[in-house]
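Here is how the chains run, residue by residue.
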Amino acid sequence: MHLSEDEITRYQKELAKILQAFEALSQVPLPEELSGDARSALGLAKGLAADESLSRMRPDEAKNTIATPDFLAQAPDREGVFLRVPAILASST
């Protein structure tokens, strides 16, 4: 894949903006107790007290949180109880 000069210029500008955003984030001061531990920051954001435990793992349980008719009603394209999606594999015939 080759990029045109216009694409290179555009992507350089977009990447520079992304890098500036990361630089800005790296400048945000964190309290000493939060440095290097994103889970502690999450606990602080959720308002957990220092002595409350924040579980690092949870059981992986399958849950059906939406009824099938409700799910199908939101589908943009369907056929009966099936969802229509674009083909991703070429036909072998």
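Not measured: the values here are computed from a predicted model.

K.L.:
Looking at this structure, how should I read the overall build of the protein?
P.N.:
Across its full length, the protein holds three helices and two strands. Beginning at the N terminus, the succession of helices and strands in the protein can be written as α-α-α-β-β. Relative to its full complement of 93 residues, the protein shows a buried share of 4%. When the accessible area of the protein is evaluated, it comes to approximately 9200 Å², of which 58% is carbon and sulfur surface.

K.L.:
Even after reading the chapter, I still don't get the environment of Glu-79, so can you show me in this structure?
P.N.:
With respect to the helices and strands, the residue Glu-79 is situated in strand E1 (residues 78-79). A distance of 2.6 Å separates polar atoms of two side chains, one belonging to Glu-79 and the other to Arg-84.

K.L.:
Help me understand a nonpolar patch on the surface in this model?
P.N.:
A contiguous nonpolar surface patch, about 620 Å² in accessible area, is contributed by Leu-15, Ile-18, Leu-19, Phe-22, Leu-25 and Val-28. Within the fold, Ile-18 resides in helix H1 (residues 5-26). Its relative accessible area of 45% is what places Ile-18 among the partly exposed residues.

K.L.:
So what exactly am I meant to see when it comes to the pattern of salt bridges here?
P.N.:
Taken as a whole, this structure holds two salt bridges when the rule is applied. Here Glu-14 ties to Arg-10 by a salt bridge, and the two come within 3.9 Å at their closest N and O atoms. Here the residue Glu-14 and the residue Arg-10 both occupy positions in helix H1, the gap between them amounting to four residues, near one helical turn. Given a relative accessible area of 41%, Glu-14 falls into the partly exposed group. Ionic pairing is found between Arg-84 and Glu-79, a salt bridge with its closest N-O pair at 2.6 Å.

K.L.:
Which parts of the structure should I look at to understand the confidence of the model for the protein?
P.N.:
Note: predicted coordinates in regions of low pLDDT should not be interpreted at a detailed level. Overall, the predicted model of the protein reaches an average pLDDT of 76, with 65% of residues at or above 70. Averaged pLDDT values over the elements of the protein bottom out at 60 in helix H2 (residues 38-45) and peak at 91 in H1.

What counts, and at which threshold
Residues numbered from 1 in each chain as written. Predicted model: local features only at pLDDT ≥ 70, side-chain atom pairs only at ≥ 80, totals over all residues. Heavy atoms only, no water. Helix = DSSP H or I, 4+ residues; strand = E, 2+ residues; numbered from the N terminus. Buried < 20%, exposed > 50% of the residue type's maximum accessible area, 1.4 Å probe, protein only. Areas by Shrake-Rupley, 256 points an atom, 1.4 Å probe, with all protein chains shown as cover. Polar contact = N/O pair within 3.5 Å; in protein donor to acceptor, adjacent residues only side chain to side chain. Patch = residues over 30% accessible without salt bridge, like charges linked within 9 Å, V, L, I, M, F, W, Y side chains within 5 Å. Salt bridge = Lys/Arg side-chain N within 4 Å of Asp/Glu carboxyl O. pLDDT = per-residue confidence, 0-100.

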